[in-house]
Amino acid sequence: MDAITKFINKPERRDVLAIVKGFRNGAVYGAKVRFPHALVMTFLFRSGSFKEKTTVILDATIQHSKNLAFFVTIYKTLMYLQKKINGDIEQNAHSFIAGLIGGYIVFGENNNVNQQIVLYVFARIMVGLSKLPVKRKVINEPNHTFSVFAAVVWGVVMWLFRHDREVLQPSLQASMQYLYLDSDHWSTLKNFLWHNK
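Residues numbered from 1 in each chain as written. Predicted model: local features only at pLDDT ≥ 70, side-chain atom pairs only at ≥ 80, totals over all residues. Heavy atoms only, no water.

Novice: I would appreciate a short explanation of the pattern of salt bridges in the present structure.
Specialist: When charged atoms on two side chains of opposite charge get close, those side chains can pair. The full count for this structure, using the stated rule, is one salt bridge. A salt bridge links Asp88 to Lys84; the nearest nitrogen and oxygen atoms lie 3.0 Å apart. Residue class for Lys84 comes out partly exposed when judged on its relative accessible area of 41%. (Salt bridge = Lys/Arg side-chain N within 4 Å of Asp/Glu carboxyl O. Buried < 20%, exposed > 50% of the residue type's maximum accessible area, 1.4 Å probe, protein only.)

Novice: Sorry, what's going on with a nonpolar patch on the surface here?
Specialist: A cluster of nonpolar residues, Phe35, Leu39, Val40, Met41, Phe43, Leu44, Phe45, Phe50, Leu58 and Ile62, forms a patch on the protein surface that exposes about 1000 Å² of accessible area. For the nonpolar patch, the secondary-structure elements that each account for two or more residues are α2 (11-45) and α3 (50-85). In terms of residues, the nonpolar patch owes the most to one element, α2, which gives seven residues. Using a relative accessible area of 36% as the deciding quantity, one classes Phe43 as partly exposed. (Patch = residues over 30% accessible without salt bridge, like charges linked within 9 Å, V, L, I, M, F, W, Y side chains within 5 Å. Areas by Shrake-Rupley, 256 points an atom, 1.4 Å probe, with all protein chains shown as cover. Helix = DSSP H or I, 4+ residues; strand = E, 2+ residues; numbered from the N terminus.)

Novice: Teacher, can you tell me more about the environment of Met176 here?
Specialist: With respect to the helices and strands, Met176 occurs in helix α7 (residues 170-181). Along the chain, Met176 and Phe161 lie 15 residues apart, while their C-alpha atoms are 7.6 Å from each other. Each residue touching Met176, except ones within four places of it in the same chain, is listed here: Val157, Met158, Phe161, Leu168 and Leu181. (Contact = heavy atoms within 4.5 Å.)

Novice: Got a minute to help me understand the side chain of Asn111 in this structure?
Specialist: In this fold, Asn111 is placed in the loop between α4 (94-107) and α5 (112-135). Here Asn114 takes part through its backbone nitrogen, which lies 2.8 Å from a polar atom of the side chain of Asn111. (Polar contact = N/O pair within 3.5 Å; in protein donor to acceptor, adjacent residues only side chain to side chain.)

Novice: Please explain the packing of aromatic side chains as it appears in this structure.
Specialist: To describe a pair of aromatic rings, one takes the distance between the centres and the angle between the planes. Using the criterion set out here, one finds seven aromatic pairs in the structure. When the centroid spacing of 5.7 Å and the interplanar angle of 50 degrees are considered together, the rings of Phe71 and Phe107 count as tilted. Of this pair, Phe71 sits in helix α3 while Phe107 is found in helix α4, placing the two residues 36 residues apart along the sequence. Take Phe107: its relative accessible area is 14%, and that puts it in the buried class. (Phe/Tyr/Trp six-rings, centres within 6.5 Å; stacked < 30°, edge-to-face > 60°.)

Novice: Can you help me understand the nonpolar core in this one?
Specialist: As a rule of thumb, soluble globular proteins bury nonpolar side chains together. Of all hydrophobic cores here, the largest spans eight residues; its members are Ala38, Ile57, Ala60, Leu68, Val106, Phe107, Val113 and Ile117. Elements supplying a minimum of two residues to this core: α3, α4 and α5. With three residues, the top contributor of residues to this core is α3. Residues in contact with Ala60, not counting those within four places in the same chain, are Arg34, Ala38 and Val113. (Core = buried A, V, L, I, M, F, W, Y, C linked by side-chain atoms within 4.5 Å.)

Novice: When you look at the environment of Leu17 in this model, what are you seeing that I'm missing?
Specialist: Tracing the chain through its elements places Leu17 in helix α2. Apart from the residues within four sequence positions on either side, Leu17 is in contact with Phe7 and Ile8.

Novice: What is the right way to look at unusual backbone geometry in this model?
Specialist: Most of the time, phi is negative for any residue but glycine, and the peptide bond is trans. In this model, Asp88 sits at a positive phi of 65 degrees, which is unusual for a non-glycine residue. Position of Asp88 relative to the elements: it lies in the loop between α3 and α4. The phi angle at Lys137 is positive, at roughly 60 degrees, despite the residue not being glycine.

Novice: What is the right way to read the packing of α3 against α4 from this model?
Specialist: Each packed pair of helices is defined by two parameters, the angle between the axes and the distance between the axes. Taken N-terminus to C-terminus, the directions of α3 and α4 make an angle of 145 degrees; their axes are 9 Å apart at the nearest point. Classified by chirality, the crossing of α4 by α3 is right-handed. Two secondary-structure elements touch here, α3 through Asn67, Leu68, Phe70, Phe71, Ile74, Tyr75, Leu78, Met79, Gln82 and Lys83 and α4 through His94, Ser95, Ile97, Ala98, Gly99, Ile101, Gly102, Gly103, Ile105, Val106 and Phe107. Residue composition of the contact of α3 with α4, by class: 13 nonpolar, seven polar and one charged. (Axes fitted to C-alpha atoms, helices over the stretch in contact; angles between N-to-C directions. Left-handed = near helix turned anticlockwise from the far one by under 90°. Nonpolar A, V, L, I, M, F, W, Y, C, P; charged D, E, K, R; others polar.)

See the structure below:
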């Protein structure tokens, strides 16, 4: 065991072994994040047999896990190669280039899992970019920014749902249909309080 520990801790191997560990961490994190989400969403909102639901859950978990593992591997490999090509000096643009290439290769296919991951990241980078001018002291932090942001987001989504709902993601359309349109219809006390339809 000591020989393995010495081998993996040699400084000249750390960058390469960090790529391997990144693959592992991507796979584990993808499974940890996707499995509970897929489990809950599938059993709450999907029809089908237990076997069909289990297949959907496992397929989504494997895809999420695989995609994160491969993205981390591509990203870390490209960061390592760019640094080596540049005389062991990391440049500011290296992370953008590695992320751009990895994102295109791994998340470029338009499917449900990739859409959810990309939209999740997009939302967080928009918040991050909005904070950047304050962090860099370009502007002072405005008051009530989250309140205004929340108001604009909800105003836009309600307008789109009312007038051009087909441009919204299907899962969002379904949620909004349930909340705002299905609540307009009932015929008995049972489908007023207990069942939707």
